Amino acid sequence: MEDRMQQEQASPAVQKRVQVSFDLQGLMSHLGARLAHIGPGRVHIVLPARPEVPQQHGYVHAGATSAIADSADGYAALTLFDEDSEVLTVEYKINLLAPAAGDHLEAIGTVLKPGRTLTVCLLEVYGVQADGARKLVANGQQTLIRVNKRTE
């Protein structure tokens, strides 16, 4: 089932809605992050190792690691909701398991339990080497709330 979930694509309309929203996020743009996969209840965000993201020891900063994890979960939840809905983070817990190192980081947000109001997601962040070797560097859980799209 895991392989199927990784490969399944969201509808073109959902992909477009997620991409448009993602493009509005100044922080993701500033960090150089990009969407790598948009599937039903599952989103991957890639963050290249760039000079703007390391902390003093050369590893990707925990703030950048957390930011892409937060966004991956939020967009994973958004893929399951209608076009009049948006999501906001209520809370999340992240465990930094290893120094975030590699050619790039890949954050994977996966919906564990969708709800009418609250949705719970799993977050994972991997350090990915140029040769494709992957190491889990962070994981956690997030709760999001569905809200009506603002009409301003």
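Our structure's up above, just so we're on the same page.
This one's a predicted model, so the numbers in the text were calculated from it and none came from an experiment.

Asker: Looking at this structure, I do not really get the sheet that holds strand β2 (residues 42-48). What am I missing?
Answerer: Strand pairs in the sheet, formed through backbone hydrogen bonds, run parallel or antiparallel to each other. Overall, antiparallel pairing links the 6 strands, which are arranged β1-β2-β4-β5-β6-β3 in an open sheet. Across the chains shown, the open sheet's two edge strands, defined by having one partner strand only, are β1 (34-39) and β3 (85-96). When strand polarity is set aside, the average angle formed by the axes of neighbouring strands in this sheet is 20°. Two elements, β2 and strand β4 (residues 104-113), share 7 bridges in a ladder whose sense is antiparallel. Pairing of Leu47 across the sheet is with Leu105, part of β4. In this fold helix α2 (residues 12-23) packs onto β1, β2 and β3, with an angle of close to 155° to the strand it touches most, β1.

Asker: Where do I start with the pattern of salt bridges in this structure?
Answerer: Any two side chains of opposite charge can pair if their charged atoms end up close together. Within the structure shown, the criterion is met by 2 salt bridges. Ionic pairing is found between Arg50 and Glu52, a salt bridge with its closest N-O pair at 3.2 Å. Residues Arg134 and Glu106 are paired through a salt bridge, measuring 2.5 Å at the closest nitrogen-oxygen approach. Of this pair, Arg134 sits in strand β6 (residues 134-148) while Glu106 sits in strand β4, and the two are 28 residues apart along the sequence. With relative accessibility at 44%, the residue Arg134 sits in the partly exposed group.

Conventions we followed
Residues numbered from 1 in each chain as written. Predicted model: local features only at pLDDT ≥ 70, side-chain atom pairs only at ≥ 80, totals over all residues. Heavy atoms only, no water. Pairing = 2+ DSSP bridges. Helix = DSSP H or I, 4+ residues; strand = E, 2+ residues; numbered from the N terminus. Axes fitted to C-alpha atoms, helices over the stretch in contact; angles between N-to-C directions. Contact = heavy atoms within 4.5 Å. Salt bridge = Lys/Arg side-chain N within 4 Å of Asp/Glu carboxyl O. Buried < 20%, exposed > 50% of the residue type's maximum accessible area, 1.4 Å probe, protein only.

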